[in-house]
Amino acid sequence: MKLKTLALAALATTLMAGSAMAQTAIKIGVLNDRSGTYADLSGEGSVVAARMAVEDFGAADKGIDVEIVSADHQNKPDVASNIARQWYDQDGVDVIVDVPTSSAALAVNEINREKGKIFLNSGAASTDLTGTACAPGTIHWTYDTYALANGTGKAMVDAGYKDWFFLTADYAFGHSLEENTTKVVTESGGTVVGSVRHPFPGTDFSSFLLQAQSSGADVIGLANAGGDTVNSIKQASEFGITQSGQALAGLLIFITDVHALGLETAQGLVLTEAFYWDLNDDTRAWSERFSAEMGGSKPTMVHAGVYSSVLHYLNAVEATGGKDTEALMAWMKENPSEDPVMGTGTVRADGRHMHDMYLFQVKTPAESTGPWDYYKLLATIPAEEAFRPLEEGGCPLVE
Amino acid sequence: MTSDTQTHYESAAEALPIGTPRHHVVIFGVLLAFLIVAPLVLYPVFLMKVLCFALFASALNLLLGFGGLLSFGHAAFFGSASYVSAHAAKVWGLTPELAILAGTAAAAVLGLVIGALAIRRQGIYFAMVTLAFAQMVFFFALQAPFTGGEDGIQAVPRGHLFGLLNLASDMTLYFVVVAIVFGGLLAIYRIIHSPFGQVLKAIRDNEPRAVSLGYKVNRYKLAVFVMSATLAGLAGATKALVFQLASLTDVYWTMSGEVVLMTLIGGMGTIFGPLVGATVIVAMQNYFAGLGAWVTILQGIIFVVSVLLFREGIVGVVARWIKKPL
């Protein structure tokens with residue numbers, strides 16, 4: 001047993017020797033899913049995006065020493081909370097970025113509040129991060145369920161898809177997604193003709209899809225996420241639903257999901273994203289660099305958000321000349337963010353980063369000219385319309 | 001190499017008189033001393049996580065290693081206790097000790113209900129019944145309004161122990177957790193070495209003979225099932241306060257699998273095996289987090305290696321070397 005103690009102590013010392021001691025340096029912790037469902041849309045790509053932000057900022061020339069560490073939270077909130085605590089307490093991490101999976105993000109958010117540090121979330125969807133759970137050091141950068149539901153719902157009704165039918169994952173997240181979208185649809189003049197709830201996680205959607213098909217609705221809203229969305233789209237394609245004139249609306253879907261599904265299956269799907277690599281020359285150039293490092297795959301909006309948020313943070317460090325959380329947050333909220341990837345944006349009092357969102361439709365195989373050429377732009381949703389109004393969130397920071 | 005001389009160590013161990021072998025006292029002493037010194041060197045939150053899982057794995061080991069019952073649904077007790085204790089601390093505003101007790105009690109009741117039905121079947125059917133119940137608990141956790149769905153219960157206050165001791169400090173909480181877990185481990189040790197524990201082992205090794213000796217086998221099985229569920233609940237309730245959250249991870253079936261893995265790697269049917277197993281698995285999850293997908297692969301490799309090379313688990317092999325039951 002003595003030996004074990006010694007061995008453990010030795011192990012501990014080696015592990016702690018790895019933590020940096022420098023005072024002027026910045027340490028960025030990229031915490032996300034590196035082995036599970038969200039590994040493609042966040043994972044290593046977020047580390048690459050953060051590194052690109054550090055390079056583009058020119059940290060080395062400005063005398064700011066930036067180090068990036070990363071870890072896998074396995075989509076488990078307790079693992080996320082454990083790593084976040086350890087990073088702050090022991091490893092001298094100054095800012096945590098990314099963190100997909102709402103439960104993990106909310107857990108990190110609480111640690112962050114307690115430790116008085118900065119949390120730049122790009123990967124998670126929960127509106128609570130800028131609502132009831134909003135914290136002084138948290139910025140929710142890229143998207144949230146409200147923006148996605150709102151963007152897709154409103155734009156589709158405007159485009160003439162009036163009658164909606166929901167396929168909803170039967171748990172709190174699915175319910176709230178359905179509720180948000182229903183509100184938008186009815187406010188924009190559409191109607192909800194019905195909805196069906198499928199068990200979570202589900203594998204066989206056939207009976208639900210047949211109900212949706214026979215409802216005669218113009219559009220089937222997929223109020224689910226991850227594997228459920230992918231499976232329901234696959235099965236909808238097998239039933240020939242989109243080919244028969246009903247549209248599918250994905251309420252939480254990423255370009256990596258479309259990539260995995262293939263255009264044959266995903267064609268015609270309408271979705272909202274904060275970023276697409278083929279928007280303009282700047283995004284194309286940036287994405288080119290990104291995919292050179294990532295074995296050819298294009299960045300998702302989560303990666304873009306990580307880049308954009310890290311860059312804004314580093315600008316704040318340069319401007320305030322220190323690492324004081326309050327000063328940095330004040331600077332980041334006062335000054336607009338500006339970068340080639342996500343364009344201009346502002347950070348609202350509740351920590352919501354405001355920027356334009358885009359409504360896309362997935363191309364048919366005939367329309368696509370090559371790999372990753374997946375989306376056509378249907379509409380640009382201005383920031384003010386895209387996100388939940390400040391006063392509706394119930395964030396205690398907003399007086 | 002020495003296989004001839006040691007084949008029967010186990011039966012020799014079980015023939016030990018009721019009483020505590022000296023080396024067990026020494027190990028418990030060293031363990032306690034280590035736990036007191038450890039937070040000076042190691043990160044307390046990590047240690048608390050290891051401790052919670054050590055208690056959880058030991059609770060499963062009580063059922064699996066000494067009762068011979070493989071439950072594949074222990075996450076149900078661990079998770080439901082963590083939900084109840086988180087809810088009690090956050091919404092009802094109970095003090096931490098009451099919140100933990102509430103969680104533990106909930107797990108005990110759940111253990112009684114599930115156990116009463118599950119022990120009617122044996123072997124793989126028993127495992128499947130427990131898994132099925134655990135899935136029911138998972139769906140309940142997913143749907144019930146108070147559990148917060150996939151977000152779980154977040155920002156649980158750690159509160160003041162007995163209304164006095166502020167647990168917000170990791171150090172203070174650490175020693176409370178040490179006390180709880182060490183108490184739990186001693187309780188398990190006591191159960192194993194009581195006459196009740198002797199009967200359990202008899203049932204494990206030869207159930208028909210135990211029946212023919214006049215023991216009401218099902219009562220014993222139910223009793224050990226409830227004890228195991230209660231202790232698993234104690235671990236879950238404590239964990240909820242440590243991490244200040246209760247989430248679906250705690251009730252998901254992979255959690256049941258993980259704790260079986262910890263028990264097997266450490267050494268099923270040994271007293272200290274689950275502690276070692278929990279330390280190995282949690283340390284891997286924690287310190288290898290930077291390796292990404294490799295963590296799960298490493299876990300798999302370690303499991304395969306341990307099954308192939310040392311089926312008795314790490315502590316089981318050590319016990320064979322030193323020819324003493326651990």
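An unreviewed UniProt entry annotates chain B as Branched-chain amino acid ABC transporter permease of Devosia nitrariae. The heading Subcellular location (unreviewed entry) in the UniProt record of chain B holds the text "Cell membrane".

Under an unreviewed UniProt entry, the name given to chain A is ABC transporter permease, and the organism recorded is Devosia nitrariae. According to its UniProt record, chain A has this under Sequence similarities (unreviewed entry): "Belongs to the leucine-binding protein family."

**Some thoughts on the UniProt feature "transmembrane region" (unreviewed entry) in chain B**
Residues and elements named next belong to chain B. When the UniProt feature table is mapped onto this chain, "transmembrane region" (unreviewed entry) is found at residues 25-46, 53-78, 98-117, 124-142, 171-192, 222-247, 259-284 and 291-310. For the annotated span residues 25-46, helix accounts for 91% and strand for 0% of the residues, and the straight-line distance between the end C-alpha atoms is 26 Å. Along residues 171-192 one finds 100% helix and 0% strand; the C-alpha atoms at either end are 31 Å apart.

**Focus on the environment of Leu251 of chain A**
All names here are of chain A. Among the secondary structure elements, Leu251 is positioned in the loop between β9 (247-250) and α9 (255-261). Given 29 C-beta atoms within 10 Å, Leu251 falls into the buried group. Among residues more than four places away in sequence, those in contact with Leu251 are Leu148, Ala149, Thr152, Leu177, Thr181, Gly221, Leu222 and Ala223.

**Structural notes on the packing of helix α3 (residues 77-89) of chain A against helix α4 (residues 102-115) of chain A**
Packed helix pairs are specified by the crossing angle of their axes together with the interaxial distance, meaning the distance between the axes. Residues and elements named next belong to chain A. At a closest axis distance of 8 Å, the pairing of α3 and α4 adopts a crossing angle of 30°. As summarised for this structure, α3 and α4 are arranged roughly parallel, according to the angle between their axes. When you trace α3 past α4, the crossing you get is right-handed. Touching Pro77, Ala80, Ser81, Ala84, Arg85 and Tyr88 of α3 are Ser103, Ala104, Ala107, Val108, Ile111 and Lys115, all from α4.

**As for the domain arrangement of chain A**
How big an interface is tends to be expressed through the accessible area that disappears when the partners come together. Residue and element names in this part refer to chain A. Each domain of chain A was delimited in the assignment, giving domain 1 (25-143 + 281-355) and domain 2 (146-273 + 356-386). For domain 1 and domain 2, the distance between their C-alpha centroids amounts to 28 Å. Facing 13 residues of domain 1, the contacting portion of domain 2 comprises 13 residues. Each residue belonging to the side of domain 1 that touches domain 2 can be placed in one class, and the counts come to five nonpolar, six polar and two charged.

**Section: the pairing of strand β1 (residues 26-32) of chain A**
Residue and element names in this part refer to chain A. Within β1, six of the seven residues are buried, which leaves it mostly tucked inside the rest of the structure. Where β1 and strand β2 (residues 66-72) come together, seven bridges link them in parallel fashion. Pairing of Lys27 across the sheet is with Glu67, part of β2. At this point the chain moves from β1, through helix α2 (residues 43-57), to the parallel β2, and the crossover so formed is right-handed. With four bridges joining them, β1 and strand β3 (residues 95-98) adopt parallel strand pairing. In the strand pairing of β3, Gly29 is matched with Ile96.

**Details of the interface of chain A and chain B**
On the side of chain B, 32 residues touch chain A, which itself brings 33 residues to the contact. Every element with two or more residues in the side of chain A that touches chain B is listed here: α1 (2-17), β2, α3, α4 and α6 (172-187) of chain A. By residue number, the principal contributor to the side of chain A that touches chain B is α3 of chain A, which donates nine residues. The residue makeup of the side of chain A that touches chain B, split by class, is 16 nonpolar, 10 polar and seven charged.

**Some points on the environment of Val137 of chain B**
All names here are of chain B. Along the chain, Val137 turns up in helix α7 (residues 123-143). The sequence separation of Val137 and Tyr252 amounts to 115 residues, and the corresponding C-alpha distance is 9.0 Å. Discounting chain neighbours no more than four positions away, the residues touching Val137 are Ala76, Gly79, Ser80 and Val251.

**A closer look at the sheet that holds β2 of chain A**
All names here are of chain A. As summarised here, the arrangement of the five strands in space is β2-β1-β3-β4-β5, forming an open sheet in which the pairing is parallel. Each end of this open sheet is capped by a strand with a single partner; those strands are β2 and β5 (138-140). When strand polarity is set aside, the average angle formed by the axes of neighbouring strands in this sheet is 20°. On top of the sheet, helix α12 (residues 301-320) reaches β1, β3, β4 (118-121) and β5; it is set at about 155° to β3, its chief contact.

**Structural notes on unusual backbone geometry**
All names here are of chain A. Phi is positive for Asn75, which is not a glycine, with a value near 60°. By the element assignment, Asn75 lies in the loop between β2 and α3. Of note in this structure, Val99 is not a glycine but carries a positive phi near 55°. Looking at the secondary structure, you find Val99 in the loop between β3 and α4.

**Digging into the nonpolar core**
Ranked by internal contacts, the top residues of the largest apolar core, which has 230 residues, are Val108 and Val310 of chain A together with Leu55 and Phe56 of chain B. Top element by residues in this core is helix α4 (residues 44-66) of chain B. It accounts for 18 residues. Apart from residues no more than four positions distant in its own chain, Val310 of chain A is found in contact with Ile28, Ala50, Ala53, Val54 and Val97 of chain A.

**Some remarks on the UniProt feature "domain: Leucine-binding protein" (unreviewed entry) in chain A**
Here the UniProt feature "domain: Leucine-binding protein" (unreviewed entry) sits at residues 26-363 of chain A. As a span, residues 26-363 of chain A carries 44% helix and 20% strand, and end to end its C-alpha atoms are 42 Å apart.

**Comments concerning helix α5 (residues 75-90) of chain B**
The end-to-end C-alpha distance of α5 of chain B, which contains 16 residues, comes to 22 Å, matching closely the 22 Å that a straight helix rising 1.5 Å per residue would cover. In terms of burial, α5 of chain B is a largely internal element, 16 of the 16 residues being buried.

**Details of the sheet that holds strand β11 (residues 337-339) of chain A**
Two modes of strand pairing occur in sheets, parallel and antiparallel, and in both the strands are linked by backbone hydrogen bonds. If you walk across this open sheet you meet the three strands as β11-β12-β13 (chain A), and the pairing is antiparallel. On the outer flanks of this sheet lie β11 and β13 (353-354) of chain A, each paired with one strand and no other.

**What to know about the confidence of the model for chain B**
All names here are of chain B. With 93% of its residues at a pLDDT of at least 70, chain B reaches an overall mean of 89. Within the model, pLDDT remains below 50 along residues 1-17, and this stretch shows eight contacts once partners closer than five positions in the same chain are excluded. Note on the complex model: pTM 0.85, ipTM 0.79.

Cut-offs used in this document
Residues numbered from 1 in each chain as written. Chains lettered and ligands numbered in written order. Predicted model: local features only at pLDDT ≥ 70, side-chain atom pairs only at ≥ 80, totals over all residues. UniProt positions renumbered as here; feature names shortened; annotations may be inferred. Helix = DSSP H or I, 4+ residues; strand = E, 2+ residues; numbered from the N terminus. Buried ≥ 20, exposed ≤ 12 C-beta atoms within 10 Å, placed from the backbone. Contact = placed C-beta atoms within 7 Å. Axes fitted to C-alpha atoms, helices over the stretch in contact; angles between N-to-C directions. Parallel < 35°, antiparallel > 145°, perpendicular 65-115°, else oblique. Left-handed = near helix turned anticlockwise from the far one by under 90°. Domains from an automatic or database assignment. Nonpolar A, V, L, I, M, F, W, Y, C, P; charged D, E, K, R; others polar. Pairing = 2+ DSSP bridges. Right-handed = clockwise from strand over helix to strand, strands pointing away. Core = buried A, V, L, I, M, F, W, Y, C linked by C-beta atoms within 7 Å. Expected span 1.5 Å × (residues − 1). pLDDT = per-residue confidence, 0-100.

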